[in-house]
Amino acid sequence: MKTTLPDQQQICHGDFHPDNVMLSEAGDQYWVIDWMTGMSGDPAGDVARSWVILMSATLPEDTDPVIRMGFETARESLVEYYIHHYMQLSGITREAIESWTLPVAAARLDEDLPAQEVEQLLKFVQERIRRLDESNDII
């Protein structure tokens, strides 16, 4: 039974999501901004945090229902593309990333988040714990 997480030491952003990427006016360059939470750690944990953020993020309550529906429809495809592309570029496995999702999601519950996002995270954490109980392994 696996009981620990990897302990790699590489530069990590700590809060990587679309709001922290700027695109040049010409559309040919990207910059990752907001390195306030930058740290050294396991890159699988960093991408797992991005995954959790993208999967649990909510739109403001007054968002037009059509925009909300488009966002929800595109969310899973966007996240899957991001994870797949990250794995291709980095060589990190899905299993390595997934091993971080439960601790990252649980830690995120300690942040000041909208109630709807907390609800999504709680469901995610409970599902991962249930799977952990069923498999007797780290997920």
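Provided above is the structure to which this section pertains.
Only a predicted model underlies this, so the values are computations on that prediction, with no experimental measurement involved.

**Quick look at the pattern of salt bridges**
Across all of its chains, the model carries nine salt bridges by this definition. One salt-bridge network, in which partners are shared between bridges, spans Asp 15, Arg 49, Arg 108, Glu 111 and Glu 117.

**Examining helix α3 (residues 94-108)**
With 15 residues, α3 should reach 21 Å at 1.5 Å per residue; the first-to-last C-alpha distance of 20 Å fits that figure. At Thr 101, α3 is deflected by roughly 35°, the largest bend along its length, and proline Pro 103 occurs up to four residues later in sequence. Turning to α3, its buried residues number three or more, namely Ile 97, Glu 98, Ser 99, Trp 100, Thr 101, Leu 102, Val 104, Ala 105 and Arg 108. Taken together, the buried residues of α3 touch α1 (43-56), α2 (65-90) and α4 (115-135).

**Digging into the packing of α1 against α4**
Put simply, α1 and α4 touch, their axes get as near as 9 Å, and they point 125° apart. Classified by the interaxial angle, the pair formed by α1 and α4 is oblique. Considering the relative orientation of α1 and α4, their crossing is right-handed. In this structure, α1 uses Val 52, Met 55 and Ser 56 to contact α4, whose residues at the interface are Glu 117, Gln 120, Leu 121 and Phe 124.

**Points about α2**
Over its 26 residues, α2 extends 37 Å from the first C-alpha to the last, a length consistent with the 38 Å expected when each residue adds 1.5 Å. The sharpest bend along α2 measures roughly 35° and falls at Ala 74. Regarding α2, the residues found buried are Arg 75, Val 79, Tyr 82, Ile 83 and Met 87. Where α2 is buried, its residues touch α1, α3 and α4. The backbone nitrogen of Val 66 lies 2.7 Å from a side-chain oxygen of the residue at the head of α2, namely Asp 64. Once α2 ends, the next one or two residues include Gly 91, with phi positive near 80°.

The rules behind each value
Residues numbered from 1 in each chain as written. Predicted model: local features only at pLDDT ≥ 70, side-chain atom pairs only at ≥ 80, totals over all residues. Heavy atoms only, no water. Salt bridge = Lys/Arg side-chain N within 4 Å of Asp/Glu carboxyl O. Helix = DSSP H or I, 4+ residues; strand = E, 2+ residues; numbered from the N terminus. Expected span 1.5 Å × (residues − 1). Bend = angle between axes of the 7 residues up to and from the residue. Buried < 20%, exposed > 50% of the residue type's maximum accessible area, 1.4 Å probe, protein only. Contact = heavy atoms within 4.5 Å. Axes fitted to C-alpha atoms, helices over the stretch in contact; angles between N-to-C directions. Parallel < 35°, antiparallel > 145°, perpendicular 65-115°, else oblique. Left-handed = near helix turned anticlockwise from the far one by under 90°. Polar contact = N/O pair within 3.5 Å; in protein donor to acceptor, adjacent residues only side chain to side chain.

In short, shape yes, function no, at least from these values alone.
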